[in-house]
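Okay, here's what each chain looks like letter by letter:
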Amino acid sequence: ISDTVTVTSKHPDSDATYVWESSADQTFTIGEAAEPLERGTIITLHLKEEASEYLDTSKLTDILKRHSQFINYPIYVEVEREIEVTEEEDDDVAAEDKEEKDDDALVEEEDEDAEE
């Protein structure tokens, strides 16, 4: 599934964060991380081109549920989504946001007047 797997982890009793990285050629390296974690473990899979089906969030969540039944700690899936917005849509959204802010200001003024 992956060309490279990277595991970044921090032991709760240590300030050091370590990175374990392995590639498809069955070699691995272990070293101290450039950026420390506050806590926990991050697993990063660098997927092969033919493994794009694993980019589907529901597929990944199903696999995690199936293989982590006996783990006592929560597993979170961080999902990033990109939404393409044209310039015209961007201007419309900005105008709507401005109108909402103006409406909020008016509501606040009305609330202040109502209290007096």
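Computed from a predicted model, the values in this text were never measured in an experiment.

The helix and strand tally for the protein stands at two helices and four strands. For the protein, the α and β elements follow one another from N to C terminus as β-β-β-β-α-α. Considering the protein as a whole, with its 116 residues, one finds that 10% of them fall into the buried category. Entry remark: accessible area of the protein is about 10700 Å², with carbon and sulfur atoms responsible for 48%.

Right, let's talk about the sheet that holds strand β3 (residues 28–32) for a bit. Reading across from one edge, β3-β2-β1-β4 is the order of the four strands in this open sheet, with antiparallel pairing throughout. The sheet is open, and its two edges are formed by β3 and β4 (40–47), each paired on a single side. Neighbour-to-neighbour, the strand axes of the sheet open up by a mean angle of 15 degrees, direction not taken into account. Looking at chain direction, strand β2 (residues 17–23) and β3 are connected through five bridges and run antiparallel. Its bridge partner lying in β3, Tyr18 is registered against Glu32.

By secondary structure assignment, the location of Gly40 is in strand β4. Its relative accessible area of 33% is what places Gly40 among the partly exposed residues. Distance from Gly40 to Pro12, taken between C-alpha atoms, is 7.9 Å for residues 28 residues apart in sequence. Once residues within four sequence positions are removed from consideration, Gly40 is found in contact with Thr8, Ser9 and Lys10.

A few words on the pattern of salt bridges. One pass over the full model with this rule turns up one salt bridge. Across the pair Lys59 and Glu53 runs a salt bridge, and its minimum N-O distance is 3.5 Å.

This part takes up the pairing of β3. For β3, a buried count of zero out of five residues is recorded, marking the element as mostly open to its surroundings. Count of turn residues in the β2/β3 antiparallel hairpin: four residues, of which Gln26 carries a positive phi of about 65 degrees.

Our focus in this paragraph is the side chain of Thr6. With respect to the element layout, Thr6 can be found in strand β1 (residues 2–10). There is a polar contact of 2.9 Å between the side chain of Thr6 and the side chain of Glu21. Only 3.5 Å separates the side chain of Thr6 from the side chain of His46, close enough to count as a polar contact. Setting aside its immediate chain neighbours within four residues, Thr6 contacts Val19, Trp20, Glu21, Ile42, Ile43, Thr44 and His46.

Together, Tyr18, Trp20, Phe28 and Ile30 make up an exposed nonpolar region whose accessible area comes to about 440 Å². Elements represented by at least two residues in the nonpolar patch include exactly β2 and β3. Along the chain, Phe28 falls in strand β3. Given a relative accessible area of 52%, Phe28 falls into the exposed group.

Cut-offs and rules
- Residues numbered from 1 in each chain as written.
- Predicted model: local features only at pLDDT ≥ 70, side-chain atom pairs only at ≥ 80, totals over all residues.
- Heavy atoms only, no water.
- Helix = DSSP H or I, 4+ residues; strand = E, 2+ residues; numbered from the N terminus.
- Buried < 20%, exposed > 50% of the residue type's maximum accessible area, 1.4 Å probe, protein only.
- Areas by Shrake-Rupley, 256 points an atom, 1.4 Å probe, with all protein chains shown as cover.
- Pairing = 2+ DSSP bridges.
- Axes fitted to C-alpha atoms, helices over the stretch in contact; angles between N-to-C directions.
- Contact = heavy atoms within 4.5 Å.
- Salt bridge = Lys/Arg side-chain N within 4 Å of Asp/Glu carboxyl O.
- Polar contact = N/O pair within 3.5 Å; in protein donor to acceptor, adjacent residues only side chain to side chain.
- Patch = residues over 30% accessible without salt bridge, like charges linked within 9 Å, V, L, I, M, F, W, Y side chains within 5 Å.

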